[in-house]
Amino acid sequence: MTTAGVPDVTVVVAVYNTMPYLTECLNSLVEQSIGLDRLQVVAVDDGSTDGSAKELARFATLHPGVFTVITQANSGGPAAPSNRGLEAATGRYVFFVGSDDYLGREALERMVGAADEHGTDVVVGKMVGVNGRWVPQAVFERTRHDATLRNCPLPWALSNTKLFRRSLVEEHGLRYPEDLPILSDQPFTLEACFRAAGISILADYDYYYAVRRGDEGNVTYRGNLEDRLAGTERIMRLTERFTHTTDERYGLNRRHLTTEMSHVLGAGLLTAGPEAAERIVTRARPLLADFATDALLGRLPLQDRVHLMLAKAGAVDALLEALRFEAEHGADLDALPLRFAEGRAHIAYPFVGDPDFADVTAQADRTAHVLRSLGGSAGLVPGAAPALQITASSPYAGYQDLVTGSSLEWVRVSKGEGGPAASTPAVRFTADGDGVRLAARLPLDGLLRYAPGKWSLRLQLATATGPQRVAVTAVSGTATLRVRRGARLLRLTATVQPDGLLTLVISPIRLSRIIAQRLRRLRAIGRK
């Protein structure tokens, strides 16, 4: 509670040309359930020219003693006005709100209450996006008061739209880096989270509404590639200061490699021009050398991995060629053309096969097989020698040249036991104008000698870069079959599991059940 005239919370609002969104933001503050006697609002106008200054003056007149309005020349970013707001703050806690966003009515009361009850220094209230604004949601899976940067997805939610204990901020002299036009809030938030005695995440209420403006004028959408790289560099170097091992840095830096750094080294380089691309890659290389380890790169999506590997090697021309290739063929990896050579398949990046880019070639080569995994259908074939017929297809006629053999394994689902020593199926390929079609006929005699049960099929093709599974996505033709084996009568039922594994259920049919079924049919005929 407020003591000796000290407000519980100071809300800092950095303002630059955000009308008419500013009005809704300020209304959401004065309507907070925490009450105006427990609230201070420090609004810093960073040289607005759209009437924002006039709106701030109006609210200060309507609510004397609540609003402190500071006016300054435009600084070029939100860092300087945020720092001026911190210098004027007197509350026990400080909260930062974007001047184009707004709060849920109970937001401040709930966050201050949580910080007081649990003794946490940082409180993260659930955020929601408005007008298509994307907001990371994984961190808000549940309410918790033991959050850290290591035990939850907090590294993916480093905006400053949080409640901070002001004594923590002042004790460590936390301020926004004013030389960063964008991303200046993330070093501030990251250091506060590293230094916090405790962090609360509140998922029980919509605390913060992040608005995407119609003109996309939010600072989130502004900033050139070099400014974004400068911010990313500051964030990752800060991570280095507060961590001691590669494993610690992995979870923190993966976010910045897959978002900020991938954005910097992505399609925007083509429009930036070759000189800017050279500057950006040259500046990014030391950062990638220190943080983009082989283990971390190996876990990234292929295109991010290719971009970062080429930049790490300083191969600016190859990177630009890769970006042109992707722009021509689309961002969908499945749409990227393949190149077949010497029994291998490569995603046809222009530099693939060049010995100077052997590592990148290997990544494109290995991923090509995963992307082009064969999906097909299966059906039971009746007769004296029952079999399972599998068909699959690939749009690439050259696929058949990759296959050097095939293998088949039956595994009992319930016990994980291996099945019969299956003979290698004969796999036939038929090429046509649409690619290549695969057909495999699998005899079931060996399997039918085993006890009834549920069996899963694993059919794999051998290729130069490892086994390629044939996934069955549908059962076509006969799905159920009756088979006699000596005195036994068996029912075979083929189904497909969600993971693409074909399952064959073998169950005995009792003679008494067959007789009962026939009697029921005779009675039904007699009634007619």
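Look up: the structure comes first, before these words.
Bear in mind that the values here come from a model prediction, so they are computed numbers and not experimental data. (Residues numbered from 1 in each chain as written. Predicted model: local features only at pLDDT ≥ 70, side-chain atom pairs only at ≥ 80, totals over all residues. Heavy atoms only, no water.)

K.L.:
Just checking my understanding: could you explain the pattern of salt bridges for this structure?
P.N.:
Between side chains of opposite charge, a pair can form as their charged atoms come close. In this structure the tally under the stated criterion is 22 salt bridges. Asp121 is the salt-bridge partner of Arg165, the closest N and O atoms lying 2.9 Å from each other. You can see Arg165 sitting in strand β8 (residues 163–165) and its partner Asp121 sitting in the loop between α4 (107–118) and β6 (122–125), a full 44 residues away along the chain. Take Arg165: its relative accessible area is 19%, and that puts it in the buried class. For Arg324, the salt bridge goes to Glu321, with nearest N and O atoms at 3.0 Å. (Salt bridge = Lys/Arg side-chain N within 4 Å of Asp/Glu carboxyl O. Helix = DSSP H or I, 4+ residues; strand = E, 2+ residues; numbered from the N terminus. Buried < 20%, exposed > 50% of the residue type's maximum accessible area, 1.4 Å probe, protein only.)

K.L.:
What should I look at first to understand the sheet that holds strand β7 (residues 127–130) in this one?
P.N.:
By definition, the strands of a sheet pair up through backbone hydrogen bonds, in either a parallel or an antiparallel sense. Spatially, the three strands line up as an open sheet ordered β5-β10-β7, and their pairing is mixed. Edge strands, defined here as strands with exactly one partner in the open sheet, are β5 (102–103) and β7. (Pairing = 2+ DSSP bridges.)

K.L.:
What exactly am I supposed to notice about the nonpolar core here?
P.N.:
One recurring pattern in soluble globular proteins: nonpolar side chains tend to sit buried together. Among the nonpolar cores identified, the biggest contains 70 residues, and Val9, Val13, Phe95, Val97, Leu108, Met111 and Leu163 are the most heavily contacted of them. Sequence-distant contacts of Val9, defined by excluding residues within four places in its chain, comprise Ile34, Arg38, Leu39, Gln40, Gly91, Tyr93, Phe95, Leu108, Val112 and Leu163. If you look at the next biggest cluster of nonpolar residues, it comprises 44 residues, including Met236, Leu297, Met309 and Phe325. (Core = buried A, V, L, I, M, F, W, Y, C linked by side-chain atoms within 4.5 Å. Contact = heavy atoms within 4.5 Å.)

K.L.:
Explain the packing of helix α1 (residues 21–30) against helix α2 (residues 52–62) here, please?
P.N.:
How two helices sit against one another is set out by the angle between their axes and by the gap between those axes. Where α1 meets α2, the axes come as close as 10 Å, and the angle between the chain directions of the two elements is 20°. Between α1 and α2, the interaxial angle falls into the category roughly parallel. The two elements α1 and α2 cross, and the hand of that crossing is right-handed. Contact with α1, carried on its side by Leu22, Thr23, Leu26, Asn27 and Val30, involves Ser52, Glu55, Leu56, Arg58 and Phe59 of α2 and no other residues of that element. (Axes fitted to C-alpha atoms, helices over the stretch in contact; angles between N-to-C directions. Parallel < 35°, antiparallel > 145°, perpendicular 65-115°, else oblique. Left-handed = near helix turned anticlockwise from the far one by under 90°.)

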